[in-house]
Amino acid sequence: VQAAVFDVTKYGAKSGDSDISQALLSAWKEACASTSPSTVVIPKGTYLLNQVTIEGPCKAPSIEVQLRGTVKAPADPSHLDPDKEWVTLSRVDNLTLSGGGTFDGQGATAWSQNDCQKTGKCSKLPNNLSLNFLTNSMIRDITSLDSKLFHINVLGCKNLTFLHITVTAPETSLNTDGIHIGRSSGVNITDATIKTGDDCVSIGDGSQQITVTKVTCGPGHGISVGSLGKYPNEGPVVGVFIRNCTLRNTVNGVRVKTWPASHPGTASDMHFEDIVMDNVGNPVLIDQEYCPSNQCTQEIPSSVKISKVSFKNIRGTTSSQLAVKLVCSKSSPCHNVEVGDIDLTYSGKEGRAITQCANIKPVFSGKQNPPTCVNSAQSS
């Protein structure tokens with residue numbers, strides 16, 4: 001069946017300085033109401049786009065949004081509603097977002113005004129793309145550039161695939177996580193290049209069956225599960241598979257982080273395999289005393305239970321002497337953790353790479369360089 005095409009330029013969109021929000025929403029409304037497969041097209045060119053929420057449910061059995069050009073967000077954050085994201089796609093089944101185009105969040109002004117690292121109070125800024133309650137959907141061949149906050153935020157989605165995604169923002173951009181996943185199941189990220197100022201991929205509570213493969217990350221803060229335990233009634237994290245990824249010049253490698261004095265929670269069945277580290281700080285990390293602003297009750301242990309975790313075939317170079325840090329909770333030590341074939345070298349002036357372990361008894365297999373939990377900065 002030939003898809004019906006709804007081109008935004010037929011609804012009054014013009015490239016240049018005029019906002020195309022209304023044209024896009026009009027094209028979407030007709031495409032969504034169509035009873036046959038339909039495609040909304042934003043052709044090549046550069047367009048201004050204000051905050052939009054594109055939502056279903058739709059009558060169309062499948063619907064594709066093809067961004068072939070570049071859409072730009074308003075640069076000045078004061079022109080935006082802080083309680084809305086920039087582009088929201090919500091409650092659609094069988095959606096494809098594709099086309100090779102770019103979502104340019106024009107985030108530089110927002111980062112320069114956001115002095116939350118000093119004050120601890122971050123002004124509310126919009127994500128580039130928020131994907132809420134999508135099912136059986138695909139996001140492919142798009143670029144997210146210079147988001148004001150998270151590039152792509154995934155909430156309440158089921159069976160969502162990302163393929164050939166590019167995320168680009170400078171290392172100095174605050175809180176610009178590449179892809180953040182929360183309360184979603186069956187999310188696959190394959191073949192992505194993510195350069196940003198925060199986690200390349202972050203996996204929050206309630207995430208189940210998440211697979212991340214062939215992602216190149218850096219600069220950024222690495223690939224993280226968590227932080228968990230900050231809020232009451234967080235959903236369990238179950239089934240996280242991070243494989244065949246490369247991290248370059250990142251602040252952290254692969255990590256699981258939970259807050260001290262946390263609310264109860266669980267994270268299990270998490271596997272990090274075949275990872276190349278190139279000049280990465282803290283390459284392998286379980287941190288149950290995560291406290292970025294040092295405003296935590298460190299003496300009260302985390303109540304998030306971590307179990308069934310493996311780190312296998314992780315190799316390359318570390319920029320920090322502490323290559324492997326597995327610091328679990330006193331009150332609920334990590335359970336059933338396997339560490340195998342670690343080969344990480346450090347060439348700094350302090351000496352050889354070291355490891356640190358607490359409240360954990362891992363099972364070892366294969367090579368251990370540096371020797372994990374042996375002669376390490378052992379804390380009780």
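Residues numbered from 1 in each chain as written. Predicted model: local features only at pLDDT ≥ 70, side-chain atom pairs only at ≥ 80, totals over all residues. Heavy atoms only, no water.

Q: How would you summarise the overall build of the protein if you had to cite specific residues and measurements?
A: Helix and strand content of the protein: 3 helices and 27 strands. Here the C-alpha radius of gyration of the protein, 22 Å, is about what a compact globule of 380 residues would show, namely 21 Å. For the C-alpha atoms alone, the extent of the protein along its principal axes is close to 70 × 45 × 40 Å. Taking all 380 residues of the protein together, 54% fall into the buried category. (Helix = DSSP H or I, 4+ residues; strand = E, 2+ residues; numbered from the N terminus. Rg over C-alpha atoms; globule rule 2.2 N^0.38 Å. Buried < 20%, exposed > 50% of the residue type's maximum accessible area, 1.4 Å probe, protein only.)

Q: Account for the pairing of strand 24 (residues 322-327), naming residues and giving values.
A: By the criterion of burial, strand 24 is predominantly enclosed, with 5 of the 6 residues buried. As paired strands, strand 22 (residues 284-287) and strand 24 are joined by 4 bridges and run parallel to one another. Counterpart to Ile-286 in the pairing with strand 24 is Leu-326. The pairing of strand 24 with strand 26 (residues 354-358) spans 5 bridges and is classified as parallel. Bridge assignment links Leu-322 to a residue of strand 26, and that residue is Ile-354. (Pairing = 2+ DSSP bridges.)

Q: Describe unusual backbone geometry, with residues and values.
A: With omega at 5°, the peptide bond leading from Gly-56 into Pro-57 counts as cis. You can see Pro-57 is positioned in the loop between strand 4 (52-55) and strand 5 (63-67). Cis peptide bonds are those with omega within 30 degrees of zero, and the linkage from Asn-369 to Pro-370 qualifies with 0°. Note on placement: Pro-370 falls in the segment after strand 27 (363-369). Its identity is not glycine, yet Asn-159 carries a phi of approximately 55°, on the positive side. Within the secondary structure layout, Asn-159 lies in strand 13 (residues 158-168). According to the relative accessible area criterion, Asn-159 is partly exposed, its value standing at 44%. Positioned with a positive phi, Asp-191 is a non-glycine residue whose angle comes to about 65°. The residue Asp-191 is located in strand 15 (residues 185-195) in this model.

Q: Could you give me a rundown of the state of the cysteines, with the residues and numbers involved?
A: All told, the structure shown has 5 disulfides when counted by the stated rule. At a sulfur-sulfur separation of 2.1 Å, the disulfide partner of Cys-32 is Cys-58. Where Cys-32 bonds to Cys-58 through sulfur, the torsion about that S-S bond is close to -105°, and the disulfide is left-handed. Linking Cys-32 in helix 1 (residues 21-33) with Cys-58 in the loop between strand 4 and strand 5, this pair joins segments that are 26 residues apart in sequence. In this model, Cys-328 is linked to Cys-334 through a disulfide, with the two sulfur atoms separated by 1.9 Å. Since a negative S-S torsion denotes a left-handed disulfide, the Cys-328-Cys-334 link at about -100° is left-handed. Assessed through its relative accessible area of 1%, Cys-328 is described here as buried. Between Cys-157, a cysteine without a disulfide, and Cys-58, which holds the nearest cysteine sulfur, the sulfur-to-sulfur distance is 14 Å. Accessibility expressed as a relative area gives 1% for Cys-157, which makes it buried. Here Cys-245 stays free of any disulfide, with the sulfur of Cys-217 as its closest cysteine sulfur at 8.5 Å. (Disulfide = S-S within 2.5 Å.)

Q: I'd love a proper account of the sheet that holds strand 22, names of residues and values included.
A: Read across the open sheet, the 11 strands follow the order 4-7-10-12-14-16-18-20-22-24-26; overall the sheet is parallel. In the strand order of this sheet, the two ends are held by strand 4 and strand 26, each with one partner. Adjacent strand axes in the sheet meet at a mean angle of 15°, parallel and antiparallel pairs treated alike. As defined by bridge partners, strand 14 (residues 179-182) adjoins strand 16 (residues 201-203) across 3 bridges and the pair is classed as parallel. The partner of His-180 across the bridge, within strand 16, is Ser-202. (Axes fitted to C-alpha atoms, helices over the stretch in contact; angles between N-to-C directions.)

Q: Give me the lowdown on the UniProt feature "active site" (unreviewed entry) in the protein, citing residues and values where you can.
A: Under the UniProt annotation, the feature "active site" (unreviewed entry) is placed at His-221. For His-221, the contacting residues outside a window of four places in its chain are Gly-197, Asp-198, Asp-199, Val-251, Asn-252 and Arg-255. At 3.2 Å, the side chain of His-221 forms a polar contact with the backbone oxygen of Gly-197. (UniProt positions renumbered as here; feature names shortened; annotations may be inferred. Contact = heavy atoms within 4.5 Å. Polar contact = N/O pair within 3.5 Å; in protein donor to acceptor, adjacent residues only side chain to side chain.)

Q: Pulling in residues and values, what's your account of the side chain of Thr-318?
A: Take Thr-318: it is sitting in strand 23 (residues 304-318). At 3.3 Å, the side chain of Thr-318 and the backbone oxygen of Val-280 are in polar contact. When sequence neighbours within four positions are dropped, the list of residues in contact with Thr-318 reads Val-280, Asn-282, Pro-283, Ala-323, Thr-345, Tyr-346 and Ala-353.

Q: Mind laying out the pairing of strand 20 (residues 254-258), listing which residues take part and the relevant values?
A: Most of strand 20 sits out of view: 5 of its 5 residues are buried. The alternating pattern of strand 20 places Val-254, Val-256 and Thr-258 on one face and Arg-255 and Lys-257 on the opposite face, and all of these are buried. Judged from the 4 bridges that link them, strand 18 (residues 223-228) and strand 20 form a sheet pairing that is parallel. The residue of strand 20 that forms the bridge with Ser-224 is Arg-255. Two strands pair when backbone bridges link them, and strand 20 and strand 22 are joined in this way by 4 bridges, in the parallel orientation.

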